[in-house]
Amino acid sequence: MSETRKNRTRLARSSIARVFERGSLWASDDHLLVVSSRGYTERYRRIYYHDLQAVLVTDSPRRLVFSLILPLPAVALLALAFTWDNTVWRTAWGLAGAFFGLLFLINWIKGPSVKCHAQTPVQQVLLGALSRKRQAERFIAELAARVEAAQGRLEPAEAVAGLATPAEMPPPAADSPAPGARSRPAAVSPPPPRLHDERWHRYAFISLFAAGFLLALSFVWNHPFLLSLQILLVAGGGTLAIMALARGRDGGVPETLSFLTKISVGYVITLCGVVFAYYIALMVANPEYADDPLYFYRRLVSWRPGDEAMFTLLYLFSSAGALLTGGFGWWQCASPRPRVPPPVPPTPVSTAGNTGDLHTAPDASESNRDSGPRAP
Amino acid sequence: MAAVIRCPNCARALPPAVAGGEAADCACGQRTRAVAFPALLRPLTAGSFGQRVIDAGESTCFYHPAKRAEVVCDGCGRFLCGLCDIDMVGEHLCAACLETGNTRRKEDLETERVLHGQIAISTVLVSVFFWFIAPFMAAASLFIVARYWNAPDGIGATPKLAKILAVILSLLVLGGSAALFITLYYG
């Protein structure tokens, strides 16, 4: 693509906080250019104004979740700054705490978080550059003027009258439009709704919640068995959360649940990083124990959360993070919403009505071979 | 298919009121608002499979000799039937020209671009963590910049800025490595 920046205007771009997937939206003469980048490549998708059916704005829990998470390190680090004796470290902890506090403020000031999609006749394209409501509203106002210049204006009442109600929609396999509705040629059958099995999410959140509970229990009772259980639950919860993310990558998982699962993975990775950093520091300070594989474990067991201010804060931060994330996620999993129906037990196949139709007989080859009645 | 606005999360049809600007709660728990445009109610035009040749003297499609030519490709000039014609907002292209336009970075056909400047910067920054191979990483970064100097940068990026930054960092790393080497062995 040659650089024609003269007739291309940037309408929006993602904030600097979006480290892993950045994006921008550019308005051209006849299309909207959706640019998404993962660091080393940029991908371009063009949505022509005359194809654009709607811009959808969905609420996102990003702001709420970060509002719950960011105060934790901010408070922990500021508390550490007040309890530390060394002035240099006190300043360092204070600055780190203030940094998280600043992030919390920025997150709050930027307003409600949203996710935006552009709908065309064949797909819905995620507009990743838009993450806040105010930004999305500004973008839609600018885009609407260009789209209306290409398509004309659609009054809300006309749009409502022209849309089919969910009850009028044909079943996913049907090829014909619903009778009575304003119909279109039956070129594409409607996609089935994406339902997702949330078992893995639930297991991950329960593990994290249990880990948080056991971490909190360390304040009153410390035992090698308890530590082993904590390690197992945190590692297991992280693994389950990664599995849940992998299984839900096709969509269908509610936004809040998906976001909490990502937060859980981030929490477990951070916790592992902190423990690993402590392990390295311990090994550097005591190189004579480098050959003893159980030395670190014994040190961990010998810890008491109340021994030092840093340990207290670490335990507080870990248990509060696990309890909050796990509990909130578990509660989200328990909320009523449609899910994948449980597997239906196989029904008995009768050969009496077997017409040889491959679509009606669950195992046609076998039923053709076996002429006798079949047990359930 | 009837006109419908679908939930971006689960693809269920949302109630029609959503097109009027009202927020709609989907069964999956997502709350969605929509701004609708006239294309939502416009019927889709059916695609064409191309028409069979009836008269022997008729022009035929380059890719389907048994089908009648309907348009000429604006990219290569080949005759195309209704099936091979790809309408790009008034411009008619064949599939081959679409692919060629992407690989040759033709205006409005490119779908992906490699950001060589970012790769060069990352290569030299990684050497901070692997100091013993830092000169080689810096050299590799310089090679990437030289090899892809004329390759276009990302849309909206300041032209060549990332590459110039990579060159500066690489030269700093190379100079630092040379100074370290001289200090260790001759200092």
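Shown above is the structure to which this text applies.
All values derive from a computational prediction rather than experimental measurement.

(A) Examining the pairing of strand β5 (residues 54-59) of chain A more closely. Along β5(A), five of the six residues are buried, which leaves the element largely enclosed by surrounding structure. When β5(A) meets strand β6 (residues 114-119) of chain A, the two strands line up antiparallel, connected through six bridges. Along β6(A), the bridge assignment pairs A:V55 with A:A118. With five bridges joining them, β5(A) and strand β2 (residues 31-36) of chain B adopt antiparallel strand pairing. Residue pairing for β2(B): A:A54 is matched across the bridge by B:A36.

(B) Representation of the side chain of A:S264 within the structure. Residue and element names in this part refer to chain A. Mapped onto the secondary structure, S264 falls in helix α8 (residues 255-285). By relative accessible area, S264 is classed as buried at 1%. When residues no more than four places from it in sequence are discounted, the contact partners of S264 are F205, L208, A241 and T325.

(C) Representation of the packing of aromatic side chains in the model. Counted under the stated rule, the structure contains ten aromatic pairs over all chains. Both rings, one in A:F99 and one in A:F100, keep their centres 5.7 Å apart while their planes meet at 70°; by these two values the pair is edge-to-face. Between B:F181 and B:Y185, the ring centres sit 4.8 Å apart and the planes meet at 40°, which makes this aromatic pair tilted. Remark: B:Y185 and B:F181 occur in helix α4 (residues 161-186); sequence separation between them is four residues, near one turn of the helix. Judged by its relative accessible area of 58%, B:Y185 is exposed. For the cation-ring pair, B:R78 lies above B:F62, with the distance from its terminal atom to the ring centre recorded as 4.3 Å. Here the guanidinium or amino end of B:R147 rests over the ring plane of B:Y148, the centre of that ring lying 4.8 Å away.

Here is what the cut-offs are and how they apply
- Residues numbered from 1 in each chain as written.
- Chains lettered and ligands numbered in written order.
- Predicted model: local features only at pLDDT ≥ 70, side-chain atom pairs only at ≥ 80, totals over all residues.
- Heavy atoms only, no water.
- Buried < 20%, exposed > 50% of the residue type's maximum accessible area, 1.4 Å probe, protein only.
- Helix = DSSP H or I, 4+ residues; strand = E, 2+ residues; numbered from the N terminus.
- Pairing = 2+ DSSP bridges.
- Contact = heavy atoms within 4.5 Å.
- Phe/Tyr/Trp six-rings, centres within 6.5 Å; stacked < 30°, edge-to-face > 60°.
- Lys NZ or Arg CZ within 6 Å of the ring centre and 35° of its normal.

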